[in-house]
Amino acid sequence: MYPVISKTTIAPGISRLEVEAPLIAKKRKPGNFVIVMPVEKGERIPLTIVESDPENGTITLIVQAIGKTTHIINKMEAGDHFIDVVGPLGEPTPIKNVGTVVCVGGGVGTAVIYPMAKALKEAGNRVIGIIGARNREMVILKNEMADCSDELHITTDDGSYGLKGFVTDALAQVIDENKTIQSVYTTGPLPMMKAVAEQTRKFELHTMASLNPIMMDGTGMCGACRVSVGGELKFTCVDGPEFDAHKVNFNELIQRNKTYFNQEKKSLDAYNEKCKTRGANV
Amino acid sequence: MSERKRARNNGKANERVIHLKPPERMKIPRQQPIEKEPDYRVCNFEEVSDGFDVNLASEEALRCLECKDPVCMKACPVNIDIRAFIRLIYKKDYDSAIKKIRESNYLPAICGRVCPQESLCENVCLVGKRNEPLAIGKLERFVADYELKNGNFSPPEIKENKGQKVAVVGAGPGGLTAAADLAIRGYEVTIYEALHEAGGVLKYGIPEFRLPKHIVDAEVDRVKALGVKIETNVIIGRTLTIDELFDEMDFEAVYIGTGAGSPRFMNIPGENLSGVYSASELLTRVNLMKAYKFPEYDTPLKIGNRVAVVGGGDVAMDAARTSARLGPEVVNLFYRRSREEMPARIEEIHHAEEEGIHFHLLTNPVEIFGDENGWVKAIKCQKMELGEPDEEGRRRPVPIDGEYITMDADTVVIAIGQSPNPIIQQTTPGLKTTDWGTIIVDEIGATSREGIFAGGDISRGGATVIEAVSDGKRASRSIDEYLTEKKAVLKT
Ligand SMILES: Cc1cc2nc3c(=O)[nH]c(=O)nc-3n(C[C@H](O)[C@H](O)[C@H](O)COP(=O)(O)OP(=O)(O)OC[C@H]3O[C@@H](n4cnc5c(N)ncnc54)[C@H](O)[C@@H]3O)c2cc1C
Ligand SMILES: Cc1cc2nc3c(=O)[nH]c(=O)nc-3n(C[C@H](O)[C@H](O)[C@H](O)COP(=O)(O)OP(=O)(O)OC[C@H]3O[C@@H](n4cnc5c(N)ncnc54)[C@H](O)[C@@H]3O)c2cc1C
Ligand code: FES
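Residues numbered from 1 in each chain as written. Chains lettered and ligands numbered in written order. Predicted model: local features only at pLDDT ≥ 70, side-chain atom pairs only at ≥ 80, totals over all residues. Heavy atoms only, no water.

1. With respect to unusual backbone geometry
Residue and element names in this part refer to chain A.
In step 1: The peptide bond linking G87 to P88 adopts the cis configuration, its omega dihedral lying at -5°.
In step 2: One can find P88 in strand β8 (residues 84–89).
In step 3: The phi dihedral of E204 is positive, around 50°, even though this residue is not glycine.
In step 4: Locating E204 in the fold gives a position in the loop between α6 (190–202) and β14 (206–210). (Helix = DSSP H or I, 4+ residues; strand = E, 2+ residues; numbered from the N terminus.)

Pasting the structure below:
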């Protein structure tokens with residue numbers, strides 16, 4: 001059992017949870033993730049470890065409700081518990097002082113980019129942050145990102161906050177103004193990461209993307225998370241989750257992530273129906 | 001034991017107990033287990049074989065010749081005293097029969113179901129020279145099930161507490177056996193398991209209809225009844241390292257039984273299309289995550305109308321038969337050699353055929369085609385013929401130039417084998433491995449690092465449950481010797 005110590009809603013449909021998992025908190029490095037199963041009969045899903053507190057034995061997760069499992073997690077409160085949490089998984093982000101780096105996070109991907117940006121900053125890099133959201137109220141981790149960025153750009157699709165447009169618009173400007181960028185890191189929806197990769201490819205700017213394929217065990221035992229990187233087969237859970245964005249076959253991954261679209265919808269609809277009739281947490 | 005005493009004991013063991021004369025025994029036909037009809041069973045996940053009931057078991061036990069020199073016992077990788085337990089079945093003393101088996105094998109309900117007896121004990125059974133061999137596996141399963149049903153399990157006696165701690169990595173059959181054996185020897189044992197449930201392949205690989213999960217849980221509970229702790233959700237190499245187990249947690253020896261779970265792919269075009277699964281993924285979704293009960297369980301699985309399974313081993317048969325139960329119109333199985341070379345158990349090939357799986361032999365997939373949405377739509381295979389035998393004596397498949405077949409498929413399952421999971425090897429300095437990633441062990445199961453032992457699929461590559469059990473027992477003997485010696489040295 002992995003108790004939820006605290007829970008806050010940080011944007012509509014996005015929560016931040018502090019979960020007790022002492023062994024994981026002790027081992028976790030930036031870039032690691034966990035696989036969680038919130039309830040009996042549930043699904044195992046991957047979530048980035050946003051922060052960890054080895055002293056108190058807790059890890060912080062930020063979760064956006066998109067399907068049934070993430071909806072269940074968003075309904076959890078302090079005192080509830082996950083039945084299974086395993087990790088830390090994946091290869092940590094290689095952190096070096098290279099000079100100037102750009103960290104691009106879109107949507108809940110900001111929760112994935114933040115620990116990387118923080119570690120890159122602590123290693124002495126000059127960090128340019130770019131975060132994007134649909135609108136003002138969906139912007140997350142603004143202060144945290146500001147603290148670890150030398151320069152922070154915020155974009156919203158509707159212009160209700162920061163620059164109107166996509167993260168790629170801000171990135172174009174940043175690349176234009178900074179001639180010494182060494183690396184770009186990006187996480188977010190797959191089409192966004194693909195667009196970032198296309199953009200930086202033109203400038204031959206080294207770019208790492210943290211991928212989010214469908215996963216199950218998270219230990220290299222099923223192959224659900226396989227991706228093509230430079231024509232080679234890679235398992236995201238053990239070889240990644242970060243890969244050279246210019247070598248990733250995004251189209252294939254976008255396609256694979258739609259595999260269960262119909263079932264996921266059915267599952268979520270049934271869950272919402274059940275919540276409505278019971279009017280409470282299910 | 002003195003010579004005289006030994007002779008006397010042997011004399012007793014060799015006294016025939018079963019009342020029939022050997023020729024009469026030889027005439028009794030092999031009893032057939034109660035099995036569900038294929039038409040019924042392909043619609044659900046219920047266990048296919050109900051095994052023997054008391055009558056069938058009693059009748060079958062009569063067929064044992066009670067050989068003076070039981071060759072079956074020698075052929076069993078853990079040397080179960082088969083003759084003794086069959087005599088006990090004959091006497092209807094089922095409690096003693098199961099105790100007898102447990103002395104050598106702590107997982108009888110499992111091994112009775114999934115061991116390839118036809119190539120081990122039953123292969124050498126003398127009854128089989130003239131008639132069909134004794135159904136040893138079915139009898140083992142019968143007494144294990146009898147004990148379960150009647151709830152009269154009592155854990156074996158535990159030796160004095162040795163006060164030394166041993167860690168076991170992986171709760172597959174090998175790890176469970178090593179843990180049980182070490183606990184009986186008086187060690188304090190903790191098993192660390194990466195998944196959220198114990199059982200290894202028994203839980204996530206072998207399907208419910210061959211090995212019901214409540215049976216695995218019951219056997220796991222019996223391991224726990226010996227005082228063994230099982231910590232799930234701990235990946236050694238990630239959550240904790242082997243060196244931490246030694247240096248920070250006071251474990252004095254470690255057994256690695258992490259299996260060979262990493263799926264291999266064919267590296268052919270189209271393998272990453274939607275609708276292409278590794279057998280491991282398909283089976284784990286169904287067995288461990290219960291996708292066949294979606295949406296009651298949250299994990300989905302999508303099986304189309306035309307399933308193509310690639311491979312010829314137990315895993316391929318399980319993948320094909322599992323798919324068949326999820327409602328497709330047809331399940332085609334492609335294997336690059338002929339039926340004689342199929343590594344799957346005969347019983348499973350037979351069950352698969354009964355359940356309507358179409359075998360396409362001497363065909364090897366070379367490409368998978370997708371539709372405009374990136375979903376599988378067909379599989380192209382090259383026809384093969386058998387050439388010269390390879391090192392293992394199996395005839396090598398050779399492609400026939402220019403001969404291809406293409407078949408429609410909307411689901412493809414790749415079941416061509418698994419490799420060892422590399423996490424532990426990568427995070428344990430000094431642990432020697434082969435080029436294939438298996439951990440190297442010597443004849444007592446010791447690895448290149450002091451205090452670390454290994455066995456089962458992680459050292460053999462893909463093998464069998466009973467070999468993992470046998471390795472677990474060997475390692476527990478070696479660990480006992482190692483720790484006893486270590487303690488003695490410390491005292492002096
Ligand atoms: C390494 C890694 C780290 C991640 N970190 C976070 C995180 O910190 N916070 C967070 O909110 N999410 C994170 N994700 C994504 C998260 O795992 C998915 O949102 C989750 O699996 C969806 O489960 P569900 O049952 O709620 O939705 P489902 O019903 O399974 O899916 C709903 C919809 O989401 C899409 N989807 C399914 N799986 C994923 C996926 N893995 N990524 C993106 N979309 C998906 C499907 O196409 C579907 O349309 C991460 C994913 C990976 C692989
Ligand atoms: C589908 C299928 C069908 C089969 N059918 C048969 C059959 O009918 N008869 C037969 O005899 N054999 C069969 N086999 C083979 C047999 O199951 C294996 O040989 C046997 O299970 C090996 O046992 P093991 O204890 O070595 O490892 P496994 O059963 O593989 O167990 C290893 C365990 O270790 C865990 N683990 C892995 N890495 C770590 C880590 N780093 N930290 C912690 N835990 C870890 C895994 O999660 C797993 O639970 C089959 C195999 C498969 C896949
Ligand atoms: S999630 Fe199963 S191999 Fe990566």
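The structure having been displayed, the exposition proceeds.
2. Some points on the site of ligand 2
Residues and elements named next belong to chain B.
In step 1: Close contacts around ligand 2 come from 35 residues, with V114, G174, E193, R210 and I236 the closest.
In step 2: Here a nitrogen atom of ligand 2 sits 2.6 Å away from a polar atom, N or O, in the main chain of V114.
In step 3: Here an oxygen atom of ligand 2 sits 2.6 Å away from a polar atom, N or O, in the side chain of E193.
In step 4: Contact with the protein chains covers 96% of the free accessible surface of ligand 2, which is 1000 Å².
In step 5: Looking at the shell around ligand 2, the elements that each hand over two or more residues are α12 (173–184), α17 (314–324) and α21 (465–491).
In step 6: Looking at the shell around ligand 2 element by element, the count peaks at three residues for α17.
In step 7: Of the residues contributing to the shell around ligand 2, the split by class is 19 nonpolar, eleven polar and five charged. (Near = heavy atom within 4 Å. Polar contact = N/O pair within 3.5 Å; in protein donor to acceptor, adjacent residues only side chain to side chain. Areas by Shrake-Rupley, 256 points an atom, 1.4 Å probe, with all protein chains shown as cover. Nonpolar A, V, L, I, M, F, W, Y, C, P; charged D, E, K, R; others polar.)

3. Brief notes about the nonpolar core
Residue and element names in this part refer to chain B.
In step 1: Counting residues in each nonpolar core, the largest one holds 77 residues, and the members touching the most others are F85 and I89.
In step 2: Residue contacts for I89: discarding those within four places in its chain leaves A57, A61, Y94, A97, L139 and V143.
In step 3: Within the second largest apolar cluster, 30 residues are counted, among which are F209, V309, V331 and I357. (Core = buried A, V, L, I, M, F, W, Y, C linked by side-chain atoms within 4.5 Å. Buried < 20%, exposed > 50% of the residue type's maximum accessible area, 1.4 Å probe, protein only. Contact = heavy atoms within 4.5 Å.)

4. Points about the pairing of β8(A)
Residue and element names in this part refer to chain A.
In step 1: Burial runs high along β8: six of the six residues are buried.
In step 2: Strand direction decides the pairing type here: strand β3 (residues 33–37) and β8, joined by four bridges, are antiparallel. Pairing of I35 across the sheet is with V86, part of β8. (Pairing = 2+ DSSP bridges.)

5. Section: the site of ligand 1
All names here are of chain A.
In step 1: Around ligand 1, the surrounding shell holds 22 residues, and the nearest of these are P46, I62, Q64, T70 and E264.
In step 2: Contact between ligand 1 and G67: an oxygen atom at 3.1 Å from a main-chain N or O atom of the residue.
In step 3: P213 is positioned with one of its backbone polar atoms (N or O) 3.2 Å from a nitrogen atom of ligand 1.
In step 4: Protein chains shield 86% of the accessible area of ligand 1, which is 860 Å² for the free molecule.
In step 5: Of all elements in the fold, only β4 (45–48), β6 (58–64), α2 (68–74) and α9 (261–278) reach the threshold of two or more residues within the shell around ligand 1.
In step 6: Broken down by element, the shell around ligand 1 gets its largest block of residues, four residues, from β4.
In step 7: Of the residues in the shell around ligand 1, the class split is twelve nonpolar, seven polar and three charged.

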